[in-house]
Amino acid sequence: MKITGCSASSSTGGGGTVRNQSTGIYTGGTLSIGTPNTTFSISDGTGVVVDNTSGTPTATDVSWTGKTNITATYVSSGLVSYVALDSTGAVVQQLTPFTNSQHRDYIVLGSLIHVNLTNLDAVNQFGEVAISPANQLSDLSEAIGKFNVNGNAFSANGANLQLNKSAGSLHAQGSNWPINPDDPNVITLGSLTALTFQYRFQNGSNGATGTNVNPNIYDNAGVSTAVPSNKFTVQRIYSFVSNNVKIQPGQTLYNSLAEAKAAIQTQSFVTETSISANGVLRAFLVVQEGTTDLTNTTKAFFLEAPKFGGTAGVGGLSVSTLQNAYDNSTTPEIVTDATRGAVDFKRGSAADTDNVVVVQNGAGIVKFAVTGEGVATGTSFNGVSGLAQLNAIYYGDYL
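Scope of this entry: the structure provided in the associated data block. (Residues numbered from 1 in each chain as written. Predicted model: local features only at pLDDT ≥ 70, side-chain atom pairs only at ≥ 80, totals over all residues. Heavy atoms only, no water.)

**With respect to the overall build of the chain**
Helix and strand counts for the chain stand at seven helices and 28 strands. The burial tally for the chain puts 34% of its 399 residues in the buried class. The long-range share in the chain, meaning contacts at least 24 apart out of those at least 6 apart in sequence, stands at 52%. (Helix = DSSP H or I, 4+ residues; strand = E, 2+ residues; numbered from the N terminus. Buried < 20%, exposed > 50% of the residue type's maximum accessible area, 1.4 Å probe, protein only. Contact = heavy atoms within 4.5 Å.)

Right under this line is the structure:
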């Protein structure tokens, strides 16, 4: 292996040019299984090791001619080992993945797979490429896709079929460049009230543009089709960096609100091509045919989409209140087991005489309560009220 090295000094004061560089591969450095298969080879290549932490940063260029049939040191010691080159071109092997610090000290090449502890089964190439770092960041950004940073939550406008959207921000590469070059990738979107949106179908055709959700249509293979009486669908609401909003109608019919909510997690859904490329899924709207009021919780239900959009369902999303947890549960009960034991309610207020559990009627009147001392009070017991209740308990009639 031939190594050449040089210390690259900065052309600007304080080493600024070098500090913009990172350790990694320029060319080559491909791993392959050697002969015998307890060895591996590294192809010709070049790279650089950058020290940005010393007083005077340095960039040491490294070049090597291919080296073949290097003994895999840890073939019998673990299922996988890792390979890199140091600033002198020496091969570095270890059983554990290289740390963040080591990624700055070594030119990391990849890993060797030896699951039978006898010979190499495969090699994994994941060398850190040191060229075009800005383009690599762009590659990552495009692979992750546009996503919600905060806000942009959808809700009912009122006792009608209109929508509101809160203010928020989205991450999309270059979206904020015309507004603020110092923050080019995160754009702030204002709130929208009784917003205007467009329906879009899975085949790319456009539906109506307006302000009212239409609970009476669904997307049947790209065709706007009437929802049968009382059936539920799940409409998907998308935000764009322009602050425009588009909705895709549901593509499946459900018999109940609970069934539709439960299906969000697993339903098959075709996202329209341009929405997939440019939009961010922000909300699921479960809605019943014939609905005229999106605040009616028996007929409509809003579920905020995950940060990165996608199809994570009710079961996988966080909730803000116990009511949300109940609403999001298709089986709203707690079943205990021998391992975890009972459900505990612990007094957390000032005194154990304070109520810990309270039951109210529909009018909000307390009908039953239990304090932190276990003292229960109520207006009746098994339908018997007042003094008769107390006497019955005292004389053991209910024991």
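What follows picks up the thread again.
**With respect to the sheet that holds strand 7 (residues 80–85)**
Strand order in this open sheet of four strands is 8-7-9-10, and the pairing throughout is antiparallel. Strands with a single pairing partner mark the edges of an open sheet, and in this sheet they are strand 8 (91–94) and strand 10 (122–125). Strand-to-strand twist of the sheet, defined as the mean angle between neighbouring strand axes without regard to direction, takes the value 25°. Examined bridge by bridge, strand 7 and strand 9 (residues 107–113) share six bridges and lie antiparallel to one another. (Pairing = 2+ DSSP bridges. Axes fitted to C-alpha atoms, helices over the stretch in contact; angles between N-to-C directions.)

**Quick look at the sheet that holds strand 5 (residues 58–64)**
Within a sheet, each strand pairs with its neighbour through backbone hydrogen bonds, oriented either parallel or antiparallel. The sheet built from three strands is open, its strands ordered 1-4-5 with antiparallel pairing. Edge positions in the sheet fall to strand 1 (24–28) and strand 5, since each of these pairs with one other strand and no more. The mean inter-strand angle of the sheet, taken between neighbouring strand axes irrespective of direction, is 15°. The sheet contact formed by strand 4 (residues 45–51) and strand 5 spans seven bridges and is antiparallel. When the bridges of strand 5 are listed, V49 appears paired with T60.

**What about the pairing of strand 24 (residues 355–360)?**
When strand 24 meets strand 25 (residues 366–371), the two strands line up antiparallel, connected through five bridges. Its bridge partner being in strand 25, N355 is matched across the sheet by T371. Connecting the antiparallel pair strand 24 and strand 25 is a turn made up of five residues, with G364 showing a positive phi of about 85°.

**Looking at the nonpolar core**
Core analysis: the largest hydrophobic core is formed by 17 residues, its most contacted members being V234, F284 and V286. Contributions of two or more residues to this core are made by strand 20 (232–239), helix 4 (257–263), strand 22 (280–288) and strand 23 (300–304). If you look at the next biggest cluster of nonpolar residues, it comprises 16 residues, including I42, V49, V62 and V75. (Core = buried A, V, L, I, M, F, W, Y, C linked by side-chain atoms within 4.5 Å.)

**With respect to the layout of surface pockets**
Each pocket or cavity is described by its volume, and for the second largest pocket that value is around 480 Å³. Contributing to the lining of the second largest pocket are 19 residues, with Q21, S22, T23, H103 and R104 lying nearest its centre. By residue class, the composition of the lining of the second largest pocket is six nonpolar, nine polar and four charged. (1 Å grid on protein atoms, 1.4 Å probe; cavity = no way out; pocket = protein on both sides within 12 Å on 5 of 7 lines; lining within 4 Å. Points joined across faces, edges and corners; volume = space filled by probe spheres on them. Nonpolar A, V, L, I, M, F, W, Y, C, P; charged D, E, K, R; others polar.)

**A closer look at the environment of A122**
By secondary structure assignment, the location of A122 is in strand 10. Residues A122 and S111, spaced eleven residues apart in sequence, show a C-alpha to C-alpha distance of 8.7 Å. Among all residues touching A122, those that are not within four sequence positions of it are I33, S111, L112 and I113.

**Focus on the packing of aromatic side chains**
Inspection of the entire model under this criterion finds four aromatic pairs. A ring pair is formed by F98 and Y106, whose centres lie 6.0 Å apart and whose planes are at 75°; its orientation type is edge-to-face. Between F197 and Y199, the aromatic rings sit 5.3 Å apart at their centres with planes inclined by 80°, giving edge-to-face as the arrangement. Per residue, the accessibility class of F197 equals that of Y199, and both read buried. Its end group placed over the ring of F301, K261 keeps NZ or CZ at 4.4 Å from the ring centre. (Phe/Tyr/Trp six-rings, centres within 6.5 Å; stacked < 30°, edge-to-face > 60°. Lys NZ or Arg CZ within 6 Å of the ring centre and 35° of its normal.)

**Section: the side chain of N176**
Its place among the elements puts N176 in the loop between strand 14 (168–171) and strand 15 (186–189). Assessed through its relative accessible area of 6%, N176 is described here as buried. The residues touching N176, leaving out its near neighbours within four places in the chain, are P181, D183, P184, N185, V186 and I187.

**Details of the pattern of salt bridges**
The tally for this structure, following the rule as stated, stands at three salt bridges. Between E304 and R282 there is a salt bridge, and its shortest N-O distance comes to 2.8 Å. Of the two residues, E304 sits in strand 23 while R282 sits in strand 22, which places them 22 residues apart along the sequence. Ionic pairing is found between D352 and R347, a salt bridge with its closest N-O pair at 2.9 Å. Judged by its relative accessible area of 25%, R347 falls in the partly exposed class. (Salt bridge = Lys/Arg side-chain N within 4 Å of Asp/Glu carboxyl O.)

**Regarding a nonpolar patch on the surface**
A cluster of nonpolar side chains, contributed by L137, L140, I144 and F308, occupies part of the molecular surface with about 420 Å² of accessible area. Residue class for I144 comes out partly exposed when judged on its relative accessible area of 44%. (Patch = residues over 30% accessible without salt bridge, like charges linked within 9 Å, V, L, I, M, F, W, Y side chains within 5 Å. Areas by Shrake-Rupley, 256 points an atom, 1.4 Å probe, with all protein chains shown as cover.)

Remember that the coordinates give geometry; whether it matters functionally is a separate question.
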